[in-house]
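Listed below are the residues making up each chain.
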Amino acid sequence: MNWETHLPHFREHFYRRERRSVPRARAFVRRALEDWGAAARGDDVLLCVSEIATNALLHGVPPGRGFRVMLWLESDGQLRIEVHDSGEGTPTLSSATDDAETGRGLLLVETLADKWGVGARNPGKVVWAEFADCRPSGTRS
């Protein structure tokens, strides 16, 4: 009997509470997608990483702490990103007015990701998003 196991690709990185962490998180995810040949939905994924990481930095990371980005790519092409922070509160969708300069980040995530949500951690929370079909057709791990 021939058993074939396909383990998911996995990467994680911790970022300090500083402005340059968001572009660094985006670059980290971009490199992983390129290494895995999973850039089929890369623009959507990178925009969602930017939005979730920015929210963590602005609202979820107390002084002296940071946030962690984790991502998995399953053999079926499903990608999951998670941003872990130690802040209080639960992010929710807002209804930003036309002239508001902020408040649209999670609306973008909801539009671009196939699924997204918020989970508990102690301390803090995990904001996650999932994307199907991240591999080009015909590609296998």
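Data block above holds the structure.
Residues numbered from 1 in each chain as written. Predicted model: local features only at pLDDT ≥ 70, side-chain atom pairs only at ≥ 80, totals over all residues. Heavy atoms only, no water.

Topic: the nonpolar core
Argument step 1. The biggest cluster of nonpolar side chains holds 33 residues, and the ones touching the most others in it are Val-29, Phe-67, Val-69, Leu-71, Leu-79, Ile-81 and Phe-131.
Argument step 2. Of all the secondary structure elements, the ones that give two or more residues to this core are α1 (21-36), α2 (42-60), β2 (66-73), β3 (79-85), α3 (105-112) and β5 (125-131).
Argument step 3. It is α2 that provides the largest number of residues to this core, a total of eight residues. (Core = buried A, V, L, I, M, F, W, Y, C linked by side-chain atoms within 4.5 Å. Buried < 20%, exposed > 50% of the residue type's maximum accessible area, 1.4 Å probe, protein only. Helix = DSSP H or I, 4+ residues; strand = E, 2+ residues; numbered from the N terminus.)

What to know about the side chain of Glu-82
Argument step 1. Within the element layout of this structure, Glu-82 appears in strand β3.
Argument step 2. Side-chain polar atoms of Glu-82 contact the side chain of His-84, separated by 2.7 Å.
Argument step 3. Not counting residues up to four positions away in its chain, the partners in contact with Glu-82 are Arg-68, Val-69, Met-70, Trp-72, Val-126, Val-127 and Trp-128. (Polar contact = N/O pair within 3.5 Å; in protein donor to acceptor, adjacent residues only side chain to side chain. Contact = heavy atoms within 4.5 Å.)

What to know about the pattern of salt bridges
Argument step 1. Taken as a whole and assessed by the stated rule, the structure comprises nine salt bridges.
Argument step 2. Here Glu-18 makes a salt bridge to Arg-24, at a shortest N to O gap of 3.6 Å.
Argument step 3. Residue classification places Arg-24 among the partly exposed residues on the basis of a relative accessible area of 44%.
Argument step 4. Salt-bridge contacts for Arg-80 lead to Glu-82; the nearest nitrogen and oxygen are separated by 2.8 Å.
Argument step 5. When salt bridges with common partners are traced through the structure, they connect Arg-16, Glu-18, Arg-20 and Arg-24 into a single cluster. (Salt bridge = Lys/Arg side-chain N within 4 Å of Asp/Glu carboxyl O.)

Side note on the sheet that holds β5
Argument step 1. If you trace the five strands from one edge of the open sheet to the other, you get β1-β2-β3-β5-β4, paired in antiparallel fashion. What marks the edges here is a single partner per strand, and that holds for β1 (9-16) and β4 (115-120). Strand-to-strand twist across the sheet, computed as the mean angle between neighbouring axes with direction ignored, equals 15°.
Argument step 2. Both β2 and β3 contribute to a ladder of six bridges, which runs antiparallel. Paired with Arg-68 across the bridge in β3 is His-84.
Argument step 3. Against the sheet, α1 touches β1, β2 and β3, its axis set at about 165° to β1. (Pairing = 2+ DSSP bridges. Axes fitted to C-alpha atoms, helices over the stretch in contact; angles between N-to-C directions.)

A short note on the pairing of β4
Argument step 1. Bridge count for β4 against β5 is six bridges, and the pairing is antiparallel. Bridge assignment links Lys-115 to a residue of β5, and that residue is Glu-130.
Argument step 2. Hairpin connection between β4 and β5: a loop of four residues separates the two successive antiparallel strands, and Gly-124 in this loop has a positive phi of roughly 100°.

Considering the packing of aromatic side chains
Argument step 1. Scanning all chains against the criterion turns up three aromatic pairs.
Argument step 2. Chaining the aromatic ring pairs together yields one cluster made of Tyr-15, Phe-28 and Phe-67. (Phe/Tyr/Trp six-rings, centres within 6.5 Å; stacked < 30°, edge-to-face > 60°.)

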